[in-house]
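# An overview of the molecular structure
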Amino acid sequence: MKKETEKLLRECTSGSKMGEHALTLALPKVKNSELKATLENAINSHAIIGDEAKKLLFDAHRREKEPSALALMMSDAKMNAKMMLNGSSATIASLITDGCDMGTKTLSKALNHLPTADLKARHIANKLIAVEDDLKRQMRAYL
């Protein structure tokens, strides 16, 4: 496996885990059933895409990447602080939108900086970006 392919797949595993973590953290605070279903679907989509990347890394005897502890801590702090002040659907949608923007930016940057990563890895990264973009679009109804 080429180094660039490995790096891109590692970004995908980290990004999918970060998305799952943030969505899972928000889920118990959601009162709107439609929003809850949307977040549950997004958690599932992140898990499926993350598993695809993990399998390719595992098959090549490479390790996946965990999200940084600092990123997780900052995400948790922001989510908890904003939810204490206002736990509305709009607040949750805003937080999820911000997370989607960060995920899309990180993965797009990785795609641009790793142009020789193989097509499977690029396809997985693009699928994760599409999930983030779609989730962000769905959050507009709650803002």
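Averaged over all residues, the pLDDT of the protein is 93; the fraction at 70 or higher stands at 100%. Model confidence for the protein, summarised as mean pLDDT per element, is weakest for helix H3 (residues 69–85) at 78 and strongest for helix H5 (residues 119–139) at 97.

Counting residues in hydrophobic clusters, the biggest one holds 18 residues, and the most contacted among them are Leu23, Leu35, Leu39, Ile92, Ile96, Leu135 and Met139. Among the elements of the structure, helix H1 (3–26), helix H2 (33–59), H3, helix H4 (89–113) and H5 are those that each provide at least two residues to this core. The dominant element in this core, judged by the number of residues it contributes, is H4, at five residues. Apart from the residues lying within four places of it in its own chain, the contact partners of Leu135 are Leu23, Thr38, Leu39, Ala42, Ile96 and Cys100. One finds Cys12, Ile49, Leu107 and Ala121 within the second-largest nonpolar core, a separate group that totals 17 residues.

Before going further, it helps to spend a moment on a nonpolar patch on the surface. On the surface, a nonpolar cluster with roughly 340 Å² of combined accessible area is contributed by Leu70, Met73 and Met74. Considering the arrangement of structural elements, one finds Met73 in helix H3. Judged by relative accessible area, which is 55%, Met73 ranks as exposed.

Taking 1.5 Å of rise per residue, the 21 residues of H5 would be expected to cover 30 Å, and the 30 Å separating its terminal C-alpha atoms lies within 8% of that figure. Taken together, the buried positions of H5 are occupied by Ala121, Ile124, Ala125, Leu128, Ile129, Val131, Glu132, Leu135 and Met139. Within H5, the buried residues cover an arc of 150 degrees as seen down the axis, which keeps them to one side. For H5, the exposed residues set more than 90 degrees away from the buried face come down to Leu119 and Lys120. Along its buried surface, H5 packs onto H1, H2 and H4. The backbone nitrogen of Lys120 has a side-chain oxygen 3.2 Å away, supplied by the residue at the start of H5, namely Asp118.

So, how was this worked out
Residues numbered from 1 in each chain as written. Predicted model: local features only at pLDDT ≥ 70, side-chain atom pairs only at ≥ 80, totals over all residues. Heavy atoms only, no water. pLDDT = per-residue confidence, 0-100. Helix = DSSP H or I, 4+ residues; strand = E, 2+ residues; numbered from the N terminus. Core = buried A, V, L, I, M, F, W, Y, C linked by side-chain atoms within 4.5 Å. Buried < 20%, exposed > 50% of the residue type's maximum accessible area, 1.4 Å probe, protein only. Contact = heavy atoms within 4.5 Å. Patch = residues over 30% accessible without salt bridge, like charges linked within 9 Å, V, L, I, M, F, W, Y side chains within 5 Å. Areas by Shrake-Rupley, 256 points an atom, 1.4 Å probe, with all protein chains shown as cover. Salt bridge = Lys/Arg side-chain N within 4 Å of Asp/Glu carboxyl O. Expected span 1.5 Å × (residues − 1). Arc of directions from axis to C-beta. Polar contact = N/O pair within 3.5 Å; in protein donor to acceptor, adjacent residues only side chain to side chain.

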